[in-house]
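Structure at a glance
Residues per chain, in single letters:
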Amino acid sequence: MHRFLLTPRWWGINVFVALAIPVCLFMGTWQLGRFEDRVGSHREAEAEAERPADRAAAPLDSLLPVDTKTSGRLASAAGEYGEQLLVPDRELDGKTGFYVLTLLRTDGGKTVPVVRGWLPGTADPAKAPAPPTGRTEVTGALQSAENSQTKGVHAQGGLPAGQIGVIGAATLVNLVQDPLYDAWLTVQTPADGMLPVPAKAPVNTGLDMKAFQNLGYTGEWFVFAGFVLFMWFRLYRREVETLRDAEAGLLPAPDAAPAGARAEAQG
């Protein structure tokens, strides 16, 4: 009954199945590993960003441009504070408030935005403490510039004078005459009753579409493996049923000629 499995046709089918299933399982496992790596990288980046590195602060210029390794690192810069701006509608610990952002003109002539702290409530210049005067040394967690796609920003415009919705050189270029760093610092030990703004995870380390694509590919490869098994079993069952029907006389023998053809041959 099962001798058909040794025919050349079924040898080819069996070899294909024997090779296809391990390949599908290997590729599915590899894609799952890629997804887990991205999840691990995302969690590690979040953990590192939420607490600046314990290493000593490095000069700001040495940590630029901001990348996944330098984002959240403590950076130091020295210069004089200039114009102060407010960044409204920023949440901290489930409460809505605003950032107090002061532009620091560094000794090198470039300006870096410094978030000196967070205050609850509606953005009000009267609530924001004045920055220190004279030459100041600042240490803060390095952050990449925000853009209109950054979570939590106010990108619609229409803010009152003295407020900005996005922290970045593209937003500040019309307010500052000096060259700008395309990054900003968040002071981790603010004064005057302000709360520190935690560093955010570096960009492009979140669970983006690539991570979910890996997860989708994982499912696809495992489905392919199951489909190969299903098709093999379906072909096998159909072959067995055909042989049984032939043995029971329900099907003509493969070499049997139609009755009309035999009569013509005899005539």
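My aim in this report is to walk through the structure given alongside it, one point at a time. (Residues numbered from 1 in each chain as written. Predicted model: local features only at pLDDT ≥ 70, side-chain atom pairs only at ≥ 80, totals over all residues. Heavy atoms only, no water.)

**Some thoughts on the overall build of the protein**
Worth spelling out the cut-off: Secondary structure elements are defined from DSSP: runs of H or I of at least 4 residues count as helices, runs of E of at least 2 residues count as strands, and each element is numbered from the N terminus. Only the protein chains shown count as cover for residues, and the accessible areas themselves come from Shrake-Rupley with a 1.4 Å probe.
Check the secondary structure of the protein and you find four helices and six strands. If you sum the accessible surface of the protein, you get close to 16200 Å²; carbon and sulfur atoms cover 57% of it.

**Details of the side chain of Arg 90**
For clarity, the cut-off: Only protein chains enter the accessibility calculation, which uses a 1.4 Å probe. A residue is then buried if its area is under 20% of the maximum for its type, exposed if over 50%, and partly exposed in between. In protein, a polar contact requires one atom able to donate a hydrogen and another able to accept it; more generally it is a pair of N or O atoms within 3.5 Å, and residues adjacent in sequence count only if both atoms are side-chain atoms.
Examined against the element boundaries, Arg 90 turns out to sit in strand S2 (residues 74-92). Overall, Arg 90 belongs to the buried group, its relative accessible area being 2%. A distance of 3.0 Å separates a polar atom in the side chain of Arg 90 from the backbone oxygen of Gly 165.

**A few points about the layout of surface pockets**
The gaps left among the atoms become clear once a water-sized probe is rolled over them. We apply this condition: A 1.4 Å probe that fits into a set of points on a 1 Å grid over the protein atoms alone but cannot get out defines a cavity; an open set with protein on both sides within 12 Å along at least five of seven lines defines a pocket, and lining residues are those with an atom within 4 Å of a point. Grid points are joined across faces, edges and corners, and a volume is the space filled by probe spheres set on the points.
Roughly 210 Å³ of volume is contained in the second largest pocket. Lining the second largest pocket are 16 residues; nearest its centre among them are Tyr 81, Val 187, Thr 189, Pro 190 and Ala 191. Here the element with the most residues in the lining of the second largest pocket is strand S5 (residues 135-144); it accounts for five residues.

**Concerning the environment of Ala 170**
Examined against the element boundaries, Ala 170 turns out to sit in helix H2 (residues 169-172). On the basis of relative accessible area, Ala 170 is assigned to the exposed category, the value being 69%. Considered as a pair, Ala 170 and Asn 147 are 23 residues apart in the sequence and their alpha carbons are 8.3 Å apart.

**Observations regarding the pairing of strand S6 (residues 183-186)**
Keep this limit in mind: Pairing between strands requires that DSSP locate at least two bridges from one strand to the other.
Of the two faces of S6, the one lined by Ala 183 and Leu 185 and the one lined by Trp 184 and Thr 186 are each fully buried. As paired elements, strand S4 (residues 111-120) and S6 share two bridges and run parallel to each other. Looking across to S6, one finds that Val 115 is bridged to Thr 186. Bridge analysis of S5 against S6 gives four bridges, and the strand direction is antiparallel. Bridging from a neighbouring strand, Gln 143 pairs with Trp 184 of S6.

**Remarks on the pattern of salt bridges**
Which entries qualify depends on this criterion: We define a salt bridge as a side-chain nitrogen of Lys or Arg found within 4 Å of a carboxyl oxygen belonging to Asp or Glu.
Summed over all chains, the structure comprises seven salt bridges. For Asp 192, the salt bridge goes to Arg 116, with nearest N and O atoms at 3.9 Å. Linking Asp 192 in the loop between S6 and helix H3 (209-247) with Arg 116 in strand S4, this pair joins segments that are 76 residues apart in sequence. Residue Arg 116 is classed as buried on the basis of its relative accessible area of 6%.

**Thoughts on the pairing of S5**
Of all the ten residues making up S5, seven are buried; the element is thus mostly covered by neighbouring parts of the structure. Bridging between S2 and S5 involves seven bridges; their strand directions are antiparallel. By the bridge assignment for S5, Ala 77 is matched with Val 138.

**Things to note about a nonpolar patch on the surface**
Rules: Patches draw on residues past 30% relative accessible area with no salt bridge. Two like charges within 9 Å are joined, as are two nonpolar side chains (Val, Leu, Ile, Met, Phe, Trp, Tyr) within 5 Å.
A cluster of nonpolar residues, Leu 6, Trp 11, Val 15 and Leu 19, forms a patch on the protein surface that exposes about 440 Å² of accessible area. Relative to the assigned elements, Val 15 resides in helix H1 (residues 8-50). Judged by relative accessible area, which is 42%, Val 15 ranks as partly exposed.

**Observations regarding the packing of aromatic side chains**
Working definition: an aromatic ring pair is given by the centre-to-centre distance plus the angle between the planes. Rules: To pair, rings of Phe, Tyr and Trp, with the six-membered ring standing in for Trp, must have centres within 6.5 Å; the planes then decide the type, stacked if under 30 degrees apart, edge-to-face if over 60, and tilted in the middle. Lysine NZ or arginine CZ positioned within 6 Å of the ring centre and within 35 degrees of the ring normal marks a charge as sitting over the ring.
For the structure shown, the criterion picks out three aromatic pairs. Seen from their ring centres, Trp 10 and Trp 232 are 6.2 Å apart, and the 90 degrees between their planes marks the pair as edge-to-face. Of this pair, Trp 10 sits in helix H1 while Trp 232 sits in helix H3, and the two are 222 residues apart along the sequence. For Trp 232, a relative accessible area of 25% translates into the label partly exposed. Ring centres of Trp 232 and Tyr 236 lie 5.4 Å apart, and the angle between their planes is 5 degrees; on these two criteria the pair is classed as stacked. With Trp 232 and Tyr 236 both in helix H3 and four residues apart, this pair spans about one turn of that helix. Every member of this aromatic cluster is reached through a ring pair, and the members are Trp 10, Trp 232 and Tyr 236. Over the aromatic face of Tyr 81 sits the side chain of Arg 116, whose NZ or CZ is 5.9 Å from the ring centroid.

**A look at the nonpolar core**
Keep this limit in mind: Buried residues of nine kinds, namely Ala, Val, Leu, Ile, Met, Phe, Trp, Tyr and Cys, make up a nonpolar core once their side-chain atoms join them within 4.5 Å. Contacts: residue pairs with any heavy atoms within 4.5 Å of one another.
Val 87, Tyr 99, Leu 101, Val 115, Ile 164, Ile 167 and Leu 172 are the most contacted members of the largest nonpolar core, which totals 16 residues. Elements supplying a minimum of two residues to this core: S2, strand S3 (95-106), S4 and H2. Contacts of Val 115, omitting those with residues within four sequence positions, involve Tyr 99, Val 100, Leu 101, Ile 167, Trp 184, Leu 185, Thr 186, Val 187 and Val 197. Core analysis: the second largest hydrophobic core is formed by 15 residues, Leu 104, Leu 142, Tyr 181 and Val 187 among them.

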